[in-house]
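# Residue-level structural notes
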Amino acid sequence: ADVAHSRYIRDAGLTARMTLVMFLLGALFVGLIITLMFIADGAGYAGAAPIIGLVGLGIAFYQWWSSDRVAMRAMRAREVTPEEAPELHGIIDRLCALADMPKPRVGVADMDLPNAFATGRSPNRSVVCVTTGIMRTLSAEELEAVLAHELSHVAHRDVLVMTVASSAGIVAGMLTRSAQYGTYGLSRSRDNNGAIPAYLVALLVSLVVYAVSFLLTRMLSRYRELCADRSGAYLTMKPAALASALQKISGEIAAIPQRDLRSSAAMNAFFIAPAVAGLSWKTITSTHPSLEQRLEQLARIQAELGRPIE
């Protein structure tokens, strides 16, 4: 029961971008392995690169398979039952019925940072998590708008793509370290000067892979957030509620000490709003579009629905 069958609007632009990102990252990974195979072969370690590559693929698979557990653990969140959080479950029940999609598991993270995220490898293996801070900050209507946004990520399966795509950087870093130790050990044991340039080539290729994967995931992340805003607003028919929620969340985040924001920074790509304060949102490294851009889009939807935002 993905977006093709749910009542969330389809987005050809998101599908095209997800396909392109996965294709390019796959091509980059293959190129990285082939390059390291040539380097390892020239240095006398012909069998090392395929093994490293298989380990890298294993890491990517693990991230895909256990993405929900990893994200929940990173946020120190716990799954809650309908008895423990009846209002939260009630909102998600209504939205899932409205969207005609399977209900995800529901989690709560005990932290002041007002935020929410969705993760999981498929609509049937997903979890939507909110912080205690966001439940205190938002009204029921605003919380519903935020949860509609998060469920859109599940329906569109962009959470899965982001999870796999983000593992490319981890694999590139691991390959770089492996190449470094392998060639360094070779140069020590054989006094082989050719190992040093081989390491530099491996380092350069891995850095390029990391940089490209970083930029690709950031570009996809910004687009998917606008797509989820749009899809959620059309599902609930209340874009003003999401606009209000985003303004409240951003205002609260701006007031939180930088030390506390940094502790949650690793999850920024999955949050409804990034845990950063200031103008860095507008840089190329941002995981999210600017607040102004998101509010403008919601205002256009509100006007289209015939109820201008006051």
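One can find the structure itself at the top, above this paragraph.
The structure presented is a predicted model; accordingly, all values stated were derived computationally and were not measured.

### Observations regarding the overall build of the protein
Along the protein, the regular secondary structure elements total eleven helices and four strands. The buried share among the 310 residues of the protein stands at 51%. In the protein, 70% of the contacts between residues at least 6 apart in sequence involve partners at least 24 apart.

### Brief notes about helix 3 (residues 67–74)
Along helix 3, the positions that sit buried rather than exposed are Ser67, Asp68, Ala71 and Met72. Buried residues of helix 3, viewed axially, fall in a sector of 125 degrees; they line one side. Directly beyond the C-terminal end of helix 3, a positive phi value near 50 degrees is found at Arg76.

### Some words on the pairing of strand 3 (residues 116–120)
The element strand 3 is largely enclosed, with a buried count of five among its five residues. Of the two faces of strand 3, the one carrying Ala116, Ala118 and Gly120 and the one carrying Phe117 and Thr119 are both buried. As judged from the five bridges shared by strand 3 and strand 4 (residues 126–131), these two strands associate in the antiparallel manner. Following the sheet pairing, Phe117 is matched in strand 4 by Cys129. Hairpin connection, strand 3 to strand 4: the antiparallel pair is bridged by five residues.

### Considerations on the packing of helix 6 (residues 140–156) against helix 9 (residues 239–254)
Running from N to C, helix 6 and helix 9 cross one another at 95 degrees; their axes reach a closest spacing of 8 Å. In this view, helix 6 runs roughly perpendicular relative to helix 9, as classed from their interaxial angle. Contact residues: helix 6 offers Glu141, Glu142, Ala145 and Val146, while helix 9 offers Ala241, Leu242, Ser244, Ala245, Lys248 and Ile249.

### Some points on helix 11 (residues 291–304)
Across its 14 residues, helix 11 extends 20 Å between first and last C-alpha, which sits within 8% of the 20 Å expected from 1.5 Å per residue. Within helix 11 the residues assigned to the buried category are Leu291, Arg294, Gln297, Leu298, Ile301 and Gln302. The buried side chains of helix 11 occupy one side of the element, clustering within an arc of 140 degrees when seen end-on. The exposed residues of helix 11 that point more than 90 degrees off its buried face are Arg300 and Glu304. A positive phi of about 85 degrees marks Gly306, the residue just after helix 11.

### Quick look at the sheet that holds strand 3
In spatial order, the strands read 1-2-4-3; together these four strands make up an open sheet with mixed pairing. Strand pairing shows two members of the sheet lacking a second neighbour, strand 1 (77–79) and strand 3, which therefore form its edges. Neighbour to neighbour, the strand axes of the sheet diverge by 25 degrees on average, direction disregarded. Alignment of strand 1 against strand 2 (residues 105–109), held across three bridges, turns out to be antiparallel. Bridging from a neighbouring strand, Ala77 pairs with Ala109 of strand 2. Its contacts with the sheet put helix 4 (residues 86–99) on strand 2 and strand 4, and the angle it makes with strand 2 is roughly 140 degrees.

### Notes on the environment of Ile59
Of note, Ile59 is situated in helix 2 (residues 48–65). Placed 105 residues apart in sequence, Ile59 and Val164 show a C-alpha to C-alpha distance of 9.7 Å.

### Examining the packing of aromatic side chains
Tallying each qualifying case throughout the model produces one aromatic pair. Pairing Phe61 with Trp65 gives two aromatic rings, centres 6.0 Å apart and planes at 15 degrees, and the pair type is stacked. One end of the pair is Phe61 and the other is Trp65, both in helix 2 and four residues apart, which spans about a single turn. The lysine or arginine in question, Arg17, covers the ring of Tyr223, its NZ or CZ lying 3.8 Å from the ring centre.

### A closer look at unusual backbone geometry
Note: most residues except glycine have negative phi, and most peptide bonds are trans. Here the phi dihedral of Arg76 falls at roughly 50 degrees; this positive angle occurs in a residue that is not glycine. Among the structural elements, Arg76 can be located in the loop between helix 3 and strand 1. Look at Arg76 and you get exposed, because its relative accessible area is 63%. A positive phi angle is found at Arg157, which is not glycine, with a value near 65 degrees. Within the secondary structure, Arg157 is located in the loop between helix 6 and helix 7 (158–190).

### Points about the side chain of His288
When you line up the elements, His288 lands in the loop between helix 10 (258–262) and helix 11. Of the polar contacts made by the side chain of His288, one reaches the side chain of Thr287; its length is 2.8 Å.

### Notes on the pairing of strand 4
Within strand 4, six of the six residues are buried, which leaves it mostly tucked inside the rest of the structure. Residues Ser126, Val128 and Val130 of strand 4 are buried on one face, and the alternating residues Val127, Cys129 and Thr131, pointing to the opposite face, are buried as well. When strand 2 meets strand 4, the two strands line up parallel, connected through five bridges. Residue pairing across strands places Gly107 opposite Cys129, the latter belonging to strand 4.

Parameters and conventions
Counting restarts for each chain, with residues numbered from 1 along the sequence as it is written. Owing to the predicted nature of the model, reporting of local features is limited to residues with pLDDT of at least 70; listing and counting of side-chain atom pairs is limited to 80 or more, with chain, interface and lining totals taken over all residues. Here the side-chain values reflect all heavy atoms present in the structure, with hydrogen atoms and water set aside. To qualify as a helix, a DSSP run of H or I must reach at least 4 residues; to qualify as a strand, a run of E must reach at least 2; elements of each kind are numbered from the N terminus. The classification of residues rests on relative accessible area computed with a 1.4 Å probe and restricted to protein chains. Under 20% of the type maximum is buried, over 50% is exposed, and intermediate values are partly exposed. Here, two residues are considered to be in contact whenever any of their heavy atoms come within 4.5 Å of each other. Relevant arc is that of directions from the helix axis to the C-beta atoms, nothing else. At least two bridges found by DSSP between two strands are what make those strands a pair. Note on definitions: angles span 0 to 180 degrees between N-to-C directions of axes, and those axes are lines fitted to C-alpha atoms, for helices only across the stretch in contact. The labels follow the angle: roughly parallel below 35 degrees, roughly antiparallel above 145, roughly perpendicular from 65 to 115, and oblique for the rest. Expected span of a helix: the number of residues minus one, times 1.5 Å. Only Phe, Tyr and Trp rings are paired, with Trp represented by its six-membered ring, and only when their centres lie within 6.5 Å; those with planes under 30 degrees apart are stacked, over 60 edge-to-face, the remainder tilted. Each ring is checked for a lysine NZ or an arginine CZ that lies within 6 Å of its centre and within 35 degrees of its normal; such an atom marks a charge sitting over the ring. A 3.5 Å cut-off defines polar contacts: any pair of N or O atoms within that distance qualifies, except that in protein one atom must be a possible hydrogen donor and the other a possible acceptor, and neighbouring residues in sequence count only when both atoms are side-chain atoms.

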